[in-house]
Amino acid sequence: MKRSLLNSARFRGIVYQVLVVLVVLAVGWYLVRNTLVNLEARGIATGLDFLEREAGFGIGESLIAYSPADSYLHALAVGLLNTLQVSVLGIAAATVIGLVVGISRLSGNWLVARLATLYVEGVRNIPLLLQLFVWYGLVTALPGPRQALNPVPGIFLSNRGLKVPLPESHPLYPWLALALAVGLLAAWGVRRWALGRHARSGRPFPWVLTGIALVLGLPALVFVAGGAPLVWNVPQLRGFNFVGGGALSPEFAALLAGLSVYTAAFIAEIVRSGILAVPAGQTEAAQALGLSRAKTLRLIVLPQALRVIIPPLSSQYLNLTKNSSLAVAIGYPDLVSVANTTINQTGQAVEGVGVVMAAFLTISLALSLLMNWYNERVALVTR
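Quick summary incoming for the structure in this document. (Residues numbered from 1 in each chain as written. Predicted model: local features only at pLDDT ≥ 70, side-chain atom pairs only at ≥ 80, totals over all residues. Heavy atoms only, no water.)

### Remarks on the pattern of salt bridges
- For the structure shown, the criterion picks out 3 salt bridges.
- For the salt bridge of Arg105 with Glu269, the shortest nitrogen-to-oxygen distance reads 2.4 Å. One end of the pair, Arg105, is in the loop between helix 3 (72–104) and helix 4 (110–124); the other, Glu269, is in helix 8 (residues 250–277), with 164 residues separating them in the sequence. The same class applies to Arg105 and to Glu269, which are both buried.
- The closest approach of N and O atoms between Arg272 and Glu269, which form a salt bridge, is 3.1 Å. Highlighted residues: Arg272 and Glu269, both in helix 8, separated by 3 residues, approximately one helical turn.
- Among the charged side chains, a network of salt bridges with common partners joins Arg105, Glu269 and Arg272. (Salt bridge = Lys/Arg side-chain N within 4 Å of Asp/Glu carboxyl O. Helix = DSSP H or I, 4+ residues; strand = E, 2+ residues; numbered from the N terminus. Buried < 20%, exposed > 50% of the residue type's maximum accessible area, 1.4 Å probe, protein only.)

### Topic: the packing of aromatic side chains
- Within the structure shown, the criterion is met by 6 aromatic pairs.
- Aromatic side chains Tyr262 and Phe266 sit 5.2 Å apart centroid to centroid with 65 degrees between the ring planes, which places their arrangement in the edge-to-face category. Of this pair, Tyr262 and Phe266 both sit in helix 8, 4 residues apart, which is roughly one turn of the helix.
- Under the relative-accessibility criterion, Tyr262 is labelled buried at 16%.
- The rings of Phe50, Phe57 and Tyr72 are connected pair by pair, giving a single aromatic cluster.
- In this structure, Arg124 is placed above the aromatic ring of Phe266, and the distance from its NZ or CZ to the ring centre is 5.9 Å.
- The ring of Trp207 has Arg191 lying over it, and the distance from NZ or CZ to the ring centre is 5.3 Å. (Phe/Tyr/Trp six-rings, centres within 6.5 Å; stacked < 30°, edge-to-face > 60°. Lys NZ or Arg CZ within 6 Å of the ring centre and 35° of its normal.)

### Concerning the packing of helix 4 against helix 8
- Interaxial distance between helix 4 and helix 8 falls to 9 Å at its minimum, and their mutual angle equals 125 degrees. Taken together, the axes of helix 4 and helix 8 are oblique relative to one another. In this structure, helix 4 meets helix 8 at a crossing whose hand is left-handed. Facing helix 4, whose interface residues are Tyr119, Val120, Val123 and Arg124, helix 8 presents Val261, Tyr262, Ala264, Ala265, Phe266, Ala268 and Glu269.
- Within the contact of helix 4 with helix 8, the residues separate by chemical class into 9 nonpolar, no polar and 2 charged. (Axes fitted to C-alpha atoms, helices over the stretch in contact; angles between N-to-C directions. Parallel < 35°, antiparallel > 145°, perpendicular 65-115°, else oblique. Left-handed = near helix turned anticlockwise from the far one by under 90°. Contact = heavy atoms within 4.5 Å. Nonpolar A, V, L, I, M, F, W, Y, C, P; charged D, E, K, R; others polar.)

### Some points on a nonpolar patch on the surface
- Taken together, the side chains of Phe11, Ile14, Val15, Tyr16, Val18, Leu19, Val21, Leu22 and Leu25 make up a nonpolar region of the molecular surface, amounting to roughly 820 Å² of accessible area.
- Residue placement: Val21 occurs in helix 2 (residues 9–41). (Patch = residues over 30% accessible without salt bridge, like charges linked within 9 Å, V, L, I, M, F, W, Y side chains within 5 Å. Areas by Shrake-Rupley, 256 points an atom, 1.4 Å probe, with all protein chains shown as cover.)

### Description of the pairing of strand 3 (residues 161–164)
- Note that strand 2 (residues 155–158) and strand 3 share 3 bridges and pair antiparallel. Residue pairing in the sheet places Ser158 in a bridge with Gly161 of strand 3.
- Counted along the chain from strand 2 to the antiparallel partner strand 3, the turn is 2 residues long.
- Pairing of strand 3 with strand 8 (residues 246–248) involves 3 bridges; the strand directions are antiparallel. Its bridge partner being in strand 8, Val164 is matched across the sheet by Gly246. (Pairing = 2+ DSSP bridges.)

### A word on helix 6 (residues 173–201)
- Relative to the 42 Å expected for 29 residues at 1.5 Å per residue, helix 6 spans 41 Å between its end C-alpha atoms, a close match to the ideal helical length.
- Every buried residue of helix 6 is accounted for by Leu176, Ala179, Gly183, Ala187, Val190, Ala194 and Arg197.
- Summarising the contacts, the buried residues of helix 6 are in contact with helix 7 (207–225).
- Following helix 6 by one or two positions, Gly202 adopts a phi angle in the positive range, close to 80 degrees. (Expected span 1.5 Å × (residues − 1).)

### Examining the packing of helix 11 (residues 335–346) against helix 12 (residues 349–378)
- Across the interface, helix 11 lies against helix 12 with an axial gap of 9 Å and an inter-helix angle of 165 degrees. Overall, the two elements helix 11 and helix 12 adopt an arrangement that is roughly antiparallel. Considering how the two elements wind past one another, helix 11 and helix 12 form a crossing that is right-handed. Across from Leu335, Val336, Ala339 and Ile343 in helix 11, the residues of helix 12 making contact are Ala349, Gly352, Val353, Val356, Ala359 and Phe360.
- Among the residues making up the contact of helix 11 with helix 12, the classes are represented as 9 nonpolar, 1 polar and no charged.

### Re the side chain of Ser104
- Position of Ser104 relative to the elements: it lies in helix 3.
- Apart from residues lying up to four places away in sequence, Ser104 is in contact with Val112, Ala113 and Ala116.

Pasting the structure below:
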């Protein structure tokens, strides 16, 4: 009986897995115990009680209200929102740039293809941190506020960032947001109905134009019905800087540009490989039906290439999110930067690093779940 168990590959596999788990638990217990002993020997308190204490430091950029009198927990929330902001915008920008460059690499135009290749090979082989320094240097090399560039009335570009007009707040604006949400929901419903109808009867429906009309038309109707209250808060030079309007800081602009351009180079190669993975017969059949190159790419090639593109694309989205932690090098107050300040003031290094690790782990897992869900939606259904 014992010999039969030892000869069983399944039994040996279970034993090996149990041993590995025990070793991991033992190593983890040793590290935790050693850390607690060292902290106690140095008189450093442990726990997360410090999160409720007053932060006492300012944060240059914040999506929510913040003052130095707020708690460390509130400060970390500000840093987390700043990280999410640059990550979401960076993912959107990198996707668009990567799609355009990836398609350009396959262009029949020699110059376009070579320029796209030069971009991909050049950007991919330069460290991201160095690129961030270059972008930051370019932004801060702009003239000061008094000599700010004014390409469009009301818009000013200087070494203090980009200043743009913003509409004044009005009670009607929440209703505009609601109308926009209803328009998006209605456009989604029309698209689903139109695709189902086309699959059943073969009769097409212009759901794209209808969706655009719903998304733009409903807010426009609410805006007009409410009296079209639109008053702009235009930036104005006061002393050594601008006041009023909205601002895009040099740190945020440099970080967003660096992350987008760098990640787009990798996305471009993913797009190119995905398109090349589609059998050439698909393109030939589309051309035989009289479809233009643009329609062939949009209706035939890209939908099939998505099944190859999505899995590695998810990794690039995760990389961009994690690379946002380099923001501390150019002074953007992301989660890592705020956490570093918190650690320096409280001495709670283990807890501070643990909070940052937990936050990035949560973001990465949520993004992975979202991309896996979308990958299942576009995957081929096989028997």
